[in-house]
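# Structural features, examined
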Amino acid sequence: MRSRAEMERSGFYQRLALPALVVITLFFLVPLLITLSSAFIDEGGSLSLAPIISVFSNPYIHRIMRFTLIQAAISTLASLVVALAGAYLLSTYSFRFKRLILALSAVPFVIPSILVVLGFVIFFGNNGFLNTALMNIFSLSEPPIRILYSYKAIILAHTFYNFPIIMNLVATYAMHLDRRLEAVSYTLGASKAKTFFSVTLKFGGAPKRLSIPYAAVTRFYDPSVQFVLQFPPPEIESAPAPEPIREEAAPSTSGEAGEDGAKVVSLDQFRKK
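Notes on the structure follow. (Residues numbered from 1 in each chain as written. Predicted model: local features only at pLDDT ≥ 70, side-chain atom pairs only at ≥ 80, totals over all residues. Heavy atoms only, no water.)

### Some thoughts on the overall build of the chain
Each helix and strand in the chain was counted, giving 13 helices and four strands. Burial status across the chain gives 16% buried among its 273 residues. As displayed, the chain offers around 22000 Å² of accessible surface, 67% of which is attributable to carbon and sulfur atoms. (Helix = DSSP H or I, 4+ residues; strand = E, 2+ residues; numbered from the N terminus. Buried < 20%, exposed > 50% of the residue type's maximum accessible area, 1.4 Å probe, protein only. Areas by Shrake-Rupley, 256 points an atom, 1.4 Å probe, with all protein chains shown as cover.)

Set out below in structure tokens:
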């Protein structure tokens, strides 16, 4: 029986991927290329950029693209606000059901999008759980919350779907940070906001710039024993200028005589030969 190294050298594992490559090519790449090629064929059947130009010059397409970009920006901002707040709580504090919340935040990774939309409709729909509960509590005849199929519903649905993913990634990363770095940052006099953006948030592992105040030079703090030792700054007093010291030639017993009669000491005699 051949070893695994021999199989790798012979390309055995590469040949195993050939059936999957054939299926992807026939049922995905070929239909995709046929669909995209129709965008470069005009009504006469010749290659042309006229269909592309007509699409991007259409005011209706401009309105759709503007709507898509604006709602995507708002959805991203709302998801970041909710996710960063949740990630900060999960990474900073310890409480019950913390691991359960982290596990549930990974649900959007594994379930289909249609199930997320269905759960959103069941909860926020006109006959959903939230409206039904409010109608029973306040004795209302009509649902008080009507947000489905509206601009607000799109923002809320995107936030509901995206914020658990961001919260899970950021919280998992923040839990593995060295808390001693934050303690050192507080010791150096940095505020919580500056510590968060300079130490806690490190994009791509690149450290951020942190300003060190003068108090860091005159104060020592040990967070493990809550001990602070502060040194008062020394007072600088003006002192009179010292008188120039007259240099005298050191007496020597060996050496050569200079022009002024002083002895010149040679260091060669002290070297080891």
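That shown, we press on.
### Let's talk about the nonpolar core
The biggest cluster of nonpolar side chains holds six residues, and these are A83, A87, L90, L102, M167 and A171. Those elements that place two or more of their residues in this core are helix 5 (59–92) and helix 10 (151–175). Looking at this core element by element, the count peaks at three residues for helix 5. Discounting residues that sit within four places of it in the chain, A87 has contacts with M167, V170 and A171. (Core = buried A, V, L, I, M, F, W, Y, C linked by side-chain atoms within 4.5 Å. Contact = heavy atoms within 4.5 Å.)

### Some remarks on helix 5
For helix 5, built from 34 residues, the straight-helix expectation of 50 Å at 1.5 Å per residue is met to within 8% by its first-to-last C-alpha distance of 49 Å. Buried within helix 5 are the following residues: Q71, S75, S79, A83, G86, A87, L90 and S91. Against the buried residues of helix 5 lie helix 6 (98–105), helix 10 and helix 11 (179–187). Sitting at the amino-terminal end of helix 5 is N58, which places a side-chain oxygen 3.1 Å from the backbone nitrogen of Y60. (Expected span 1.5 Å × (residues − 1). Polar contact = N/O pair within 3.5 Å; in protein donor to acceptor, adjacent residues only side chain to side chain.)

### Quick look at a nonpolar patch on the surface
There is a patch of nonpolar side chains on the surface, built from Y88, L89, Y93, F95, F97, L100, I101, L104 and V107 and spanning about 850 Å² of accessible area. Among the elements of the structure, helix 5 and helix 6 are those that each provide at least two residues to the nonpolar patch. You can see I101 is positioned in helix 6. (Patch = residues over 30% accessible without salt bridge, like charges linked within 9 Å, V, L, I, M, F, W, Y side chains within 5 Å. Salt bridge = Lys/Arg side-chain N within 4 Å of Asp/Glu carboxyl O.)

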